[in-house]
Amino acid sequence: MVRRLPGRRPGTGHRGYLSRAFLIVTLTLLTLVLTACGDAQQSTLIRKGPAADRIWDVYGLIWIGAAIVFVLVEGLLVYTIIRFRRAPRTAHGRPVPVHGNTKLEIIWTVIPAIVLVFIAIPTLQIIADLADAPTDKGAPLKVDVIGHQFFFEFSYPELGIKTTNTMHIPTGTVVDISLQSNDVIHSFWVPQLAGKTDLIPGRTNRMWLEATDAGTYHGQCAEFCGLGHALMRFQVEAQAPADFDAWVNEQKNPSAGGGQGQQLAQSLGCTGCHSVDGSASVGPTWKGLYDHEVKLGDGSTVTADDAYITESILTPNAKVVAGFQALMPSFEGRVTDADIQAIIAYIKSLSE
Ligand code: CUA
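Below: a short report on this structure. (Residues numbered from 1 in each chain as written. Predicted model: local features only at pLDDT ≥ 70, side-chain atom pairs only at ≥ 80, totals over all residues. Heavy atoms only, no water.)

## Some remarks on the pairing of strand β3 (residues 161-164)
Two strands pair when backbone bridges link them, and strand β2 (residues 151-156) and β3 are joined in this way by four bridges, in the antiparallel orientation. Within the sheet, the bridge partner assigned to Glu153 lies in β3 and is Thr164. (Pairing = 2+ DSSP bridges. Helix = DSSP H or I, 4+ residues; strand = E, 2+ residues; numbered from the N terminus.)

This is the structure in structure tokens:
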């Protein structure tokens, strides 16, 4: 906002011009400084794998090309404004218009066409490169990614393991990913490792990625898929190959704890939305839930006993917990009474 000087129209005169220039420069600098404050967890500029590097190559090329075009166009514009500022005017005070200049029209059609061809060649090449997993480093690890409203299911067909929302991968290994959707269109995106690829119902898309360094890489669904879209986050946990093998073993032979209910909760996708450690997610956490009072959206309270949990599995939107939305699908017909009992036993074990 321009400060209003008494008895003067704002933004006029020498002082008005100076204060406006000061404001613009300050805001520009502030914007530049603030852009450095974001957490870089989901930055495509921080590359941690060869698939992301390949995208960066094209990105850099286009960026440099765009910078050259920008300087040329703006330079010509500034030159024209200064050089022709006293050009002849019409009776209305406007510059005299020029109609038809074949030479100029050919030039401004041919140059952009050439630029587009130069962008298209490496782009099409990289799209082909990123679809098929390279096999020069040995057999890739296969992972099927299945999109659900609102979580990601990761299935390892060769290992017989399934997880939700956390994809474990070994470092230095190519991961060959096939993507499918269970309901609507989602998009799988881990900016530091690879570009985004859609999960489309009735179709299988392919992509691959590889993590050079061990660590946790954050990703999220990049296609609006419903009310829970913003909550559809996930992680890629890259581990040294030995640690990954240990994790696989642990998954195949779960040590103790929940047992059958825990496995059901994972394979049905419950844990995609309900955390078991108290952390916030799409749905209420299961930790400390059993036999405790739950506040509902309509202000009433209910005790999370066997009856309430059973109802929540079969008719999830009958009693929605305060602060959450009616997003959960019904599991009627997908679970047996024994399954429900096993899941309740597991939820119970999380309150002990
Ligand atoms: Cu799934 Cu957005």
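## Observations concerning the side chain of His186
With respect to the element layout, His186 can be found in strand β6 (residues 186-188). Overall, the relative accessible area of 0% leaves His186 in the buried class. At a separation of 2.8 Å, a polar atom in the side chain of His186 contacts the side chain of Asp183. In contact with His186, not counting residues within four places along its chain, are Gly147, His148, Gln149, Ser181, Asp198, Leu199, Cys221, Glu223, Cys225 and Met232. (Buried < 20%, exposed > 50% of the residue type's maximum accessible area, 1.4 Å probe, protein only. Polar contact = N/O pair within 3.5 Å; in protein donor to acceptor, adjacent residues only side chain to side chain. Contact = heavy atoms within 4.5 Å.)

## What about the pattern of salt bridges?
Counted according to the given criterion, the structure contains eight salt bridges. Across the pair Lys142 and Asp176 runs a salt bridge whose closest N-O atoms are separated by 3.9 Å. Of the two residues, Lys142 sits in strand β1 (residues 141-148) while Asp176 sits in strand β5 (residues 175-181), which places them 34 residues apart along the sequence. Residue classification places Lys142 among the partly exposed positions, given a relative accessible area of 37%. We classify Asp176 as buried; its relative accessible area is 8%. Measuring nitrogen to oxygen at the nearest pair gives 3.1 Å for the salt bridge that ties Glu311 to Lys319. On the basis of relative accessibility, which here comes to 25%, the residue Glu311 falls in the partly exposed class. Judged by relative accessible area, Lys319 falls into the partly exposed class, the value being 34%. Taken together, the shared-partner salt bridges connect Lys142, Asp176 and Arg206 into one network. (Salt bridge = Lys/Arg side-chain N within 4 Å of Asp/Glu carboxyl O.)

## Quick notes on the nonpolar core
The biggest cluster of nonpolar side chains holds 42 residues, and the ones touching the most others in it are Met167, Phe188 and Leu209. Top element by residues in this core is β2. It accounts for four residues. Excluding its chain neighbours within four sequence positions, the residues that come into contact with Met167 are Val143, Phe154, Tyr156, Val175, Ile177, Phe188, Leu209, Gln235, Val236 and Glu237. (Core = buried A, V, L, I, M, F, W, Y, C linked by side-chain atoms within 4.5 Å.)

## A closer look at the packing of helix α7 (residues 306-314) against helix α8 (residues 337-349)
Here α7 crosses α8 at 120°, and the two axes come no closer than 10 Å. Our classification of the angle between α7 and α8 gives oblique. Our pair here, α7 against α8, has a crossing hand that is right-handed. On α8, the residues that touch Asp306, Ile309, Thr310, Ile313 and Leu314 of α7 are Ile340, Gln341, Ile343, Ile344 and Ile347. Its residues placed into classes, the contact of α7 with α8 shows seven nonpolar, two polar and one charged. (Axes fitted to C-alpha atoms, helices over the stretch in contact; angles between N-to-C directions. Parallel < 35°, antiparallel > 145°, perpendicular 65-115°, else oblique. Left-handed = near helix turned anticlockwise from the far one by under 90°. Nonpolar A, V, L, I, M, F, W, Y, C, P; charged D, E, K, R; others polar.)

## Side note on the sheet that holds strand β9 (residues 215-220)
Here we have three strands laid out as an open sheet, ordered β4-β10-β9, and mixed in their pairing. The outermost strands of the open sheet, each flanked by one partner alone, are β4 (166-170) and β9. Shown here is a sheet whose adjacent strand axes are inclined to one another by a mean of 25°, direction ignored. Taken together, the six bridges between β9 and strand β10 (residues 233-239) define a ladder with antiparallel strand orientation. What sits directly across from Gly215, in β10, is Ala238. Lying over the sheet, helix α4 (residues 241-252) contacts β4 and β10, oriented at roughly 130° with respect to β4.

## Looking at unusual backbone geometry
Residue Gln149 is joined to Phe150 through a cis peptide bond whose omega torsion reads 10°. Here Phe150 is to be found in the loop between β1 and β2. One non-glycine residue, Asn165, lies in the positive phi region at around 65°. Summarising the element assignment, Asn165 is placed in the loop between β3 and β4. Of note in the backbone geometry, Asp291 takes a positive phi value of approximately 65° without being a glycine.

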